[in-house]
Amino acid sequence: MRVSESFTLANDMTCQGDGMVIDVDNVTVDLGGHTLSGPGMGPQTWPLPQLDTVGVRVGGHTGVTIRNGKTIGFSTGIYFIDMESSTIENVTTQKNRFGFYIHASKKITVRGSDVEFNIYGLHLQNSDDSLLQGNLLARQTYNSPGGYGLYMYASKGNRVIENTIDSNINWGIWFSDAKENVIFHNNVIGNNPQVSDNTEGSNVWFDAQTKEGNYWADYKGKDADGDHVGDTPYPILGPGGMVDPYPFVEKDGWTKKRRATIDHYEPAAPRPPRGVTIVALAGGAVKAMHPDANQPGDLLAGDSRNVTQIALGTDERTVYSYTDRFVVAQDIVTGNATTKQALTVGGVVAANRDGHSLMVVGSSGVEQIDLETGQNEYFDYHGQPQALAPSYKHNHVFVATPRGIDLLYLNLGGRTPYTIPLDGPPAAMVMAGSGTRIYVAIAGLSVIDVVDTEQYAVTDRITIDVQATSLAISPLEDILYAGSANGVEAIGIRDKKLTSSAAFLGSVADLAVSPNGDQLYVALAGLTHAIAVLDAPRLRVAHVIELDNDPSRILVASY
C-alpha cells in the first residue's frame, strides 16, 4: 500500500511484501489497533540489514507518525531512513529480524511501544538527537549476531528514558561508537549480559539534575539511607569502564522516590600512570627494556633464541614467545615462565580474550591451548593468515588474509561463514581498545580501511600521505599512528587530518602505544636497528634504544 495522506486502518492486513510505503511529509498512519502481518523475517543477510519485506517503510521525509497497531513477521517491522522529526508510538512489533530500524535519521521519537521476540529489537544506526521513552524491549531471540534489546551504533545525542529492557537473550543495551547519549529511569532486567558501553566518557548513565540513574536487576549494593537510590555505583560493562552512579534499588524506583538523592558518589581518582616495559623481537631473540633504557636485556635467558613470534596476553603483562612450535609464557613483572607447551600447528600467534588461552592460526588449521590446563583443541581452517584480532564479544577471531578479513568462529569448529571484503590485500591490521573497530592498511595504497566489528563491513576510509606498513591506535581511540618506509604519521580519527609526523633513517617495522597514551614506540629496521621513543601525539623523539639486530615486532607490557 502506497500512503500519501493521513488515514486510519480499518482492518488487519496480510502482506507478501512491504505492508505500507509512505511517500510524503507530515502524515499520520493510525493502524487503528490492527495488525500488519508479513511473510516472515526472511534469510540472514548480515552484515546488511534484512529489508526484503518491511511492515511500514519510510525514507527521506519529515513529520511522519505511525501509531496504534502491530507489525508481525516482517524482515523489519518499521524502517526509517533519512527521516527527521517523526514518531513511532504505541506500536507492537514482533517476530521480525529487526523490530524497529532507525537509520541515518534525527529527532525521532519512539514512545510507548512493545518490541518483542525479534532478532534485533530497537536498532539506531547513525541516528542522532532522538527520544526513546516508555518502551518495552524484551525477549529478543538469538541468531548470532543478534539478541539485543537496544542496539545503538554511531549515534549521538539520544535520550533513553523510562524503558523496560527485559530478558533479551544477548545484551540488553549495546553501544558501538555511540557517544553523548543520556540513559536514565530505565528498568534493565534479566539480559545476558545487561549492558556494554564502548569508550571512557562516551555516555551519561544518569540524570545530572536529579542525580537518578537506572534500575539494574543484578545490582548488589545497598540503600542504607532509604532514598531508593543505591549507595554505591553500578558498573557498566565494556572497555569504557563507566558506571551508573545513582542506581535504583527497585523497579520503577523513580516513581516511588519522595525526596532528593543523598549523594554518596565519589568519582574514581585519576588512574596513576602505568609502568611500561617494551618487548621487542629482534634477530630471533626477545628483548625487554624500559622506555628510558640505554640497552635492552634478554627476556628469557637461554630460551629466547630462534623465536619467530611474540604476543601479549589480555592481562597486558604476559608475553608469549613462539619458537619451533613451542610456546613459553612469561610474566613481565615477576619474570616467572611456564613450562614449554608443544603445538602442532604453525602460523600467526595471538592470545584469546578468555585470558588463559593462546591460539595459533595457520594455513593447515587452528590450534588453541589452555595454558592453565595444558589442554589443546584443533579447528579446521585453510586460509592464509597474516594478522589476528580476537573478538571482544563473540568466540571468533578476525583473520587478515589476502582476500579480506575472515570471521573464524571457534565455537563452530573453525567455520568461516563470512569474509569481510577490503579494498585490497592488508599490509597491517590493528584493533581499537574497545574492540569495536579494526583499522587495516591496504598494501600498495595510501588508504586505511575502517572495519566495524559488529557490522562486519568497511564503514569508513582514511586517506593518508604514505603507504602504511604498520599501525597503532591511541588508548582514547582518537589518534591513529601509521608507520611506513618514510617514518610515522599521526592522524586524527574523527577529522581524518594529519596532526604530526616524524621521519627516520630506518624504515618502520612496527609500532606500539603506551597505555598512558603519552608515548609511541617505533621499531626501526634497515639503516638503523633501534626502538625510538616518541612523545605522543606530537611525535617528538625523546629517546632511542640501540639494538644489535633489526626488530620485527614490538609489544608494550604494562602493570
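Asker: Before we go on, may I ask you to explain the packing of aromatic side chains in this structure?
Answerer: Each aromatic ring pair is summarised here by two numbers: the centre-to-centre distance and the angle between the ring planes. Under the counting rule described, the total for this entry stands at 15 aromatic pairs. An angle of 5° between the planes, with centres 4.4 Å apart, marks the rings of Trp-216 and Tyr-234 as stacked. Taken together, the residues span a long stretch of sequence, with Trp-216 in strand β24 (residues 215-216) and Tyr-234 in strand β25 (residues 234-235) at a distance of 18 residues. Seen in terms of ring centroids, Phe-398 and Tyr-456 are 6.3 Å apart; in terms of plane orientation they differ by 65°. Their pairing is edge-to-face. A residue pair is termed long-range when its members are at least 10 positions apart, and Phe-398 in strand β39 (residues 396-401) and Tyr-456 in the loop between β44 (447-452) and β45 (457-463) qualify at 58 residues.

Asker: Could you clarify how one ought to interpret the sheet that holds β44 in this entry?
Answerer: Across a sheet, paired strands are connected by hydrogen bonds in the backbone, their directions being either parallel or antiparallel. With respect to topology, 4 strands assemble into an open sheet ordered β42-β43-β44-β45, the strand pairing being antiparallel. The open sheet is flanked by β42 (426-431) and β45, the only strands paired with a single partner. Each strand axis lies, on average, 25° off the axis of its neighbour in the sheet, ignoring direction. As defined by bridge partners, β44 adjoins β45 across 6 bridges and the pair is classed as antiparallel. Note that in β45 the partner of Val-450 across the bridge is Asp-460.

Asker: Can you help me understand the pairing of strand β32 (residues 326-331) in this one?
Answerer: Regular strands place side chains that alternate from one sheet face to the opposite one. In terms of residue burial, β32 counts as a mostly covered element, since 5 of its 6 residues are buried. The turn joining strand β31 (residues 318-323) and β32, which pair antiparallel and follow one another in sequence, is formed by 2 residues; a positive phi near 50° is taken by Asp-324. The sheet contact formed by β32 and strand β33 (residues 341-342) spans 2 bridges and is antiparallel. Looking at β33, one finds that Phe-326 is bridged to Ala-342.

Asker: Just checking my understanding: could you explain unusual backbone geometry for this structure?
Answerer: Note: most residues except glycine have negative phi, and most peptide bonds are trans. The amide bond that connects Asn-192 to the next residue, Pro-193, takes the cis arrangement and shows omega of -5°. Within the element layout of this structure, Pro-193 appears in the loop between β22 (187-189) and β23 (195-196). Pro-537 follows Ala-536 through a cis peptide bond whose omega is 0°. As for its placement among the helices and strands, Pro-537 is situated in the loop between β52 (530-535) and β53 (540-546). The phi torsion at Lys-107 lies on the positive side, around 55°, for a residue other than glycine. Note on placement: Lys-107 falls in strand β12 (residues 106-111). Accessibility expressed as a relative area gives 46% for Lys-107, which makes it partly exposed. In the Ramachandran plot, Lys-211 falls in the positive-phi region, its phi being about 55° despite a non-glycine side chain. Mapped onto the fold, Lys-211 is located in the loop between β23 and β24.

Asker: What should I look at first to understand the side chain of Asp-449 in this one?
Answerer: Within the element layout of this structure, Asp-449 appears in strand β44. Using a relative accessible area of 0% as the deciding quantity, one classes Asp-449 as buried. Only 2.9 Å separates the side chain of Asp-449 from the backbone nitrogen of Asp-423, close enough to count as a polar contact. Apart from residues no more than four positions distant in its own chain, Asp-449 is found in contact with Leu-422, Asp-423, Ile-438, Tyr-439, Val-440, Ile-442, Val-458, Asp-460 and Arg-461.

Asker: Would you explain the pattern of salt bridges in this entry?
Answerer: Opposite charge on two side chains lets them pair, provided their charged atoms get close. Enumeration over the complete set of coordinates arrives at 20 salt bridges. With a shortest N-O distance of 3.7 Å, Glu-89 and Arg-111 are connected by a salt bridge. Taken together, the residues span a long stretch of sequence, with Glu-89 in strand β10 (residues 84-94) and Arg-111 in strand β12 at a distance of 22 residues. Judged by its relative accessible area of 23%, Glu-89 is partly exposed. For Asp-177, the salt bridge identified is with Arg-437, shortest N-O distance 3.1 Å. Note that Asp-177 is positioned in the loop between β20 (173-176) and β21 (182-184) and Arg-437 in strand β43 (residues 437-442), a separation of 260 residues in sequence.

Reading the values: the criteria
- Residues numbered from 1 in each chain as written.
- Predicted model: local features only at pLDDT ≥ 70, side-chain atom pairs only at ≥ 80, totals over all residues.
- Heavy atoms only, no water.
- Phe/Tyr/Trp six-rings, centres within 6.5 Å; stacked < 30°, edge-to-face > 60°.
- Helix = DSSP H or I, 4+ residues; strand = E, 2+ residues; numbered from the N terminus.
- Pairing = 2+ DSSP bridges.
- Axes fitted to C-alpha atoms, helices over the stretch in contact; angles between N-to-C directions.
- Buried < 20%, exposed > 50% of the residue type's maximum accessible area, 1.4 Å probe, protein only.
- Polar contact = N/O pair within 3.5 Å; in protein donor to acceptor, adjacent residues only side chain to side chain.
- Contact = heavy atoms within 4.5 Å.
- Salt bridge = Lys/Arg side-chain N within 4 Å of Asp/Glu carboxyl O.

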